[in-house]
Amino acid sequence: MRIAVDAMGGDKGPRATVAGAARAVIEDPQLDIQLFGPAGLLDDEISRLPRPLAAAASHLHLCDAPDIIPADMRASQALRRGHASSMARMLDCVAAGEADVGVSSGNTGALMALSRRALGMVPGVPRPAISTAIPTRGDGRCYLLDLGANVDVSAERLVDFALMGDIMARHVDGLAAPRIALLNVGVESTKGSLAVQQADAALRQVAGIDYLGFIEGDGVFAGQADVVVCDGFVGNVLLKASEGLAKMLVGRVQATFEAHWGSRLVGMLARPALRRLKSELDPVRYNGASLLGLAGIVIKSHGSCDAQGFYYALKRASQEVSRDLPSRLEAELDHRRPSSGPLSGGSVDMDDGQQEL
């Protein structure tokens, strides 16, 4: 499997992406990873790989891309001036069929804009939706979308999100009938914005999906649904709040056990359970958001991820390639939409995608 990587995206730069790529190759020697960025800088990072990862070097191929898209560059600027960037050349590689999937930790807005230009969209989908899995009760997981690509959306777009989430959950996770829900301020039919209420009415007319209706925020983490749909503003806030809450809870528990000698003794006995809790709540395990709706596969890694986080994004990329998700979307999406036509007006795009995953 061939993976193209924008090695210069993210807060930690090429050190995290190169080490994460090396770890992925060690685990799966069938991977062939092309790293895009300044060749000399990437070669230095490969030479610094620790001995357990050094054997991966033969599967890491350097593709010189002298320019870098900064985190604060607007999408419109990236489209005009980013042709020689590591992100644009990575996407060109995917578009040319030289790689099966692209992965980047870089500027979300630029990645979306450049991906649309390079790869195009699945017919009938005007703009990608960002989706990732979050942990839920009982070792479960739930797909949440949109996470920031579309801030203020129409009912028609919410219906598309629900259908794309259903297709992804069935084909990537093997769920026979994923439970779909709309995130709302209450479960009553009278609650929520006009777009949410119209989407609810439309989804009740769609055959072949297990649509539950409205769900509140606490129900997301209780595992009441497998796919939760909302606009990008709400989804991004929910995702970031959940990550912050998870880190705070783990920190509070650790601080409690370290408060005095008695609790430290109990903490030593509880250490295996604490490690398991930290691992289960760690957002790194769920790193790798899909840009659903593109005519190719692009994975957005969290901008602040380390090597381990980038490794999980590469695993997600490999999983989506093996399921050929864009083809599944194209084959199923159009004929499953409500037959009554557009539900309301268009959506308002995020301001050049400046929110960061």
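Going by the structure above, here's the rest.
Here's a quick rundown of the structure. (Residues numbered from 1 in each chain as written. Predicted model: local features only at pLDDT ≥ 70, side-chain atom pairs only at ≥ 80, totals over all residues. Heavy atoms only, no water.)

**Structural notes on the packing of helix 7 (residues 155-172) against helix 8 (residues 194-203)**
In plain terms, the rule: Orientation is described by axes fitted as lines to C-alpha atoms, over the contacting stretch for helices, and by angles from 0 to 180 degrees between their N-to-C directions. Runs of E in the DSSP output that reach at least two residues are strands. Runs of H or I that reach at least four are helices, and both are numbered from the N terminus. Here the word oblique covers every angle except those under 35 degrees (roughly parallel), over 145 (roughly antiparallel) and from 65 to 115 (roughly perpendicular). Each crossing is labelled by how the near helix is turned from the far one, with a counterclockwise turn of less than a right angle marking it left-handed and a clockwise turn marking it right-handed. The contact criterion used throughout is that any non-hydrogen atoms of two residues lie within 4.5 Å. Under the scheme applied, nonpolar residues are Ala, Val, Leu, Ile, Met, Phe, Trp, Tyr, Cys and Pro; charged residues are Asp, Glu, Lys and Arg; polar residues are all the others, including Gly.
The interhelical angle for the contact between helix 7 and helix 8, taken along N-to-C directions, is 50°, at an axis separation of 8 Å. In terms of their interaxial angle, helix 7 and helix 8 are classed as oblique. Considering only the axes of helix 7 and helix 8, their crossing is right-handed. In this structure, helix 7 contributes A155, L158, V159 and A162 to the contact, and helix 8 contributes A195, V196, Q198, A199, A202 and L203. Across the contact of helix 7 with helix 8, the residue classes break down as nine nonpolar, one polar and no charged.

**Notes on the sheet that holds strand 10 (residues 227-229)**
Selection criterion: Strand pairing requires that DSSP identify at least two bridges connecting the strands.
Strand order in the open sheet made by the 11 strands is 3-2-1-4-12-11-5-6-10-8-9, with mixed pairing throughout. Because the sheet does not close on itself, it has two edges, and the strands there are strand 3 (60-64) and strand 9 (210-215). On average, each strand axis in the sheet is tilted by 25° relative to the strand beside it, whichever way the strands run. Relative to strand 10, strand 6 (residues 140-145) is paired through three bridges, and the arrangement is parallel. Opposite L144, over in strand 10, you have V228 as the bridge partner. Sheet contacts for helix 8: strand 8 (179-183) and strand 9; angle to strand 9, the most-contacted strand, approximately 160°.

**Focus: helix 8**
To be explicit about the condition: In this scheme, a residue with accessible area under 20% of its type's maximum is buried, one over 50% is exposed, and one in between is partly exposed, where area comes from a 1.4 Å probe on protein chains only. The arc under discussion is defined with respect to the helix axis, by the directions toward the C-beta atoms.
Those residues of helix 8 not exposed but buried are A195, V196, A199, D200, A202 and L203. What you see down the axis of helix 8 is that its buried residues fit within an arc of 165°, all on one side.

**What to know about the packing of aromatic side chains**
As a reminder of what qualifies: Only centres within 6.5 Å qualify two rings of Phe, Tyr or Trp (six-membered ring in Trp) as a pair; their planes then separate them into stacked at under 30 degrees, edge-to-face at over 60, and tilted for everything else. Two thresholds decide whether a charge sits over a ring: the Lys NZ or Arg CZ must be within 6 Å of the ring centre and within 35 degrees of the ring normal.
Taken as a whole and judged by the stated rule, the model has one aromatic pair. For the ring pair Y311 and Y312, a centre distance of 5.2 Å and an interplane angle of 65° mean the geometry is edge-to-face. By relative accessible area, Y311 is classed as buried at 3%. The ring of Y311 is capped by R23, whose NZ or CZ atom sits 3.8 Å from the centre of that ring.

**Focus on the pairing of strand 1 (residues 2-6)**
The line we're drawing: By convention, orient the strands away from the viewer: a clockwise path from the first strand over the helix to the second makes the crossover right-handed.
Across the five residues of strand 1, four count as buried, placing the element largely inside the fold. Looking at chain direction, strand 1 and strand 2 (residues 32-37) are connected through five bridges and run parallel. Of the residues in strand 2, the one forming a bridge with V5 is L35. For the handedness criterion, the β-α-β arrangement of strand 1, helix 1 (residues 13-27) and strand 2 is classed as right-handed. Both strand 1 and strand 4 (residues 101-104) contribute to a ladder of four bridges, which runs parallel. Counted as the bridge partner of D6 is S104 from strand 4.

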